[in-house]
Amino acid sequence: MDKNIADLRKDYTLQGLSETDVDPNPFIQFKRWFDQTIAAQLVEPNAVTLATTTREGKPSARMVLLKGFDERGFVFFTNYNSQKGQELAENPQASLVFWWAELERQIRISGRVEKISDAESDEYFYSRPLNSRLGAWASNQSEAIESRAVLEQRIQELQAKYQNQDVPRPQHWGGLRVIPVEIEFWQGRPNRLHDRLRYTRINDGSWKIERLSP
């Protein structure tokens, strides 16, 4: 290895983040930053790390795609029988982490998780490309399979079965919403003295903003 991994570092210099910069509503602040990722033409800015745990506290994390957000929370879709789906059924608490390196920004979101309505899941499912809808039936997500050929054979069978028909949404597939109790906005700054502003939901439904030490 030509370069010691411990020597890899980058100084963050683009901009700062102050209490006067941010909106009192974290969802409006999230939209402001997310819109800036779109304007900057970042690749898949809706890609986010989802962290879950089992009932016993064993953690796991993976990338998912954010597919919607509003003041109710942040929505992604999955197979409910997958590892993350089973873990969230056991322990409906999760964290999301967005990392936008080009803008030197990170957002952390923590809260409880619930299924969205069937109508909401249907609306998104039927907006998906045909082969993505078939894929929701073909894949027993997170289960071991003998080979890729098994998956491809299953897709071929489903293509034949649903030729010239609507593909219904599987009951084991749908949306999950992370309902945040904390949202932290992180802006990189020089010398590792980063700006961190944390929103915490309080009992009356409003949000308290605190600056955290980097």
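What you see is a predicted model, and the numbers here were worked out from it, not measured in a lab.

Definitions and limits used
- Residues numbered from 1 in each chain as written.
- Predicted model: local features only at pLDDT ≥ 70, side-chain atom pairs only at ≥ 80, totals over all residues.
- Heavy atoms only, no water.
- Buried < 20%, exposed > 50% of the residue type's maximum accessible area, 1.4 Å probe, protein only.
- Helix = DSSP H or I, 4+ residues; strand = E, 2+ residues; numbered from the N terminus.
- Pairing = 2+ DSSP bridges.
- UniProt positions renumbered as here; feature names shortened; annotations may be inferred.
- Core = buried A, V, L, I, M, F, W, Y, C linked by side-chain atoms within 4.5 Å.
- Contact = heavy atoms within 4.5 Å.

**Considering the pairing of strand S7 (residues 173-187)**
Within S7, 13 of the 15 residues are buried, which leaves the element mostly enclosed by the surrounding structure. Relative to S7, strand S6 (residues 105-115) runs antiparallel, the two being bridged by 11 bridges. When the bridges of S7 are listed, Arg105 appears paired with Gln187. Relative to strand S8 (residues 195-201), S7 runs antiparallel, the two sharing six bridges. For Ile183, the partnering residue across the bridge sits in S8 and is Tyr199.

**Comments concerning the UniProt feature "binding site: substrate" (unreviewed entry) in the chain**
According to UniProt, the feature "binding site: substrate" (unreviewed entry) maps to Arg9, Lys10, Asp11, Tyr12, Lys67, Tyr124, Arg128, Ser132, Arg192, Leu193 and His194 in the numbering used here. In terms of the greatest pairwise C-alpha distance, the residues named above, spread along 186 residues, do not form a single cluster, extending to 43.6 Å across. With respect to the helices and strands, the residue Ser132 is situated in helix H4 (residues 130-138). Assessed through its relative accessible area of 29%, Ser132 is described here as partly exposed.

**So, the UniProt feature "domain: Pyridoxine 5'-phosphate oxidase dimerisation C-terminal" (unreviewed entry) in the chain**
The UniProt feature table records "domain: Pyridoxine 5'-phosphate oxidase dimerisation C-terminal" (unreviewed entry) at residues 173-214. Here residues 173-214 is 0% helix and 64% strand, with 39 Å between the C-alpha atoms at its ends.

**With respect to the nonpolar core**
Ranked by size, the top nonpolar core spans 30 residues in total, and within it Phe30, Phe74, Phe98, Trp100, Ile107, Ile109 and Phe185 carry the most contacts. At the level of secondary structure, the elements contributing two or more residues to this core comprise helix H1 (26-39), strand S1 (47-53), strand S4 (73-79), strand S5 (93-100), S6, S7 and S8. Once you skip the residues sitting within four places of it in the chain, Phe30 turns out to touch Leu66, Phe69, Phe74, Phe98, Trp100, Ile107, Ile109 and Phe185. Counting residues in hydrophobic clusters, the runner-up holds 11 residues, among them Phe77, Leu134, Leu158 and Val167.

**Points about the pairing of S4**
With seven of seven residues buried, S4 lies mostly within the body of the structure. As paired strands, strand S3 (residues 68-70) and S4 are joined by three bridges and run antiparallel to one another. For Gly68, the partnering residue across the bridge sits in S4 and is Val75. Linkage of S3 to S4, two consecutive antiparallel strands, is achieved through a turn of two residues. Taken together, the six bridges between S4 and S7 define a ladder with antiparallel strand orientation. Residue pairing across strands places Phe74 opposite Val178, the latter belonging to S7.

**Considering H4**
Those residues of H4 that fall on the buried side of the exposure criterion are Arg133, Leu134, Ala136 and Ala138. In this fold, the buried residues of H4 make contact with helix H3 (118-125), helix H5 (148-161) and S7.

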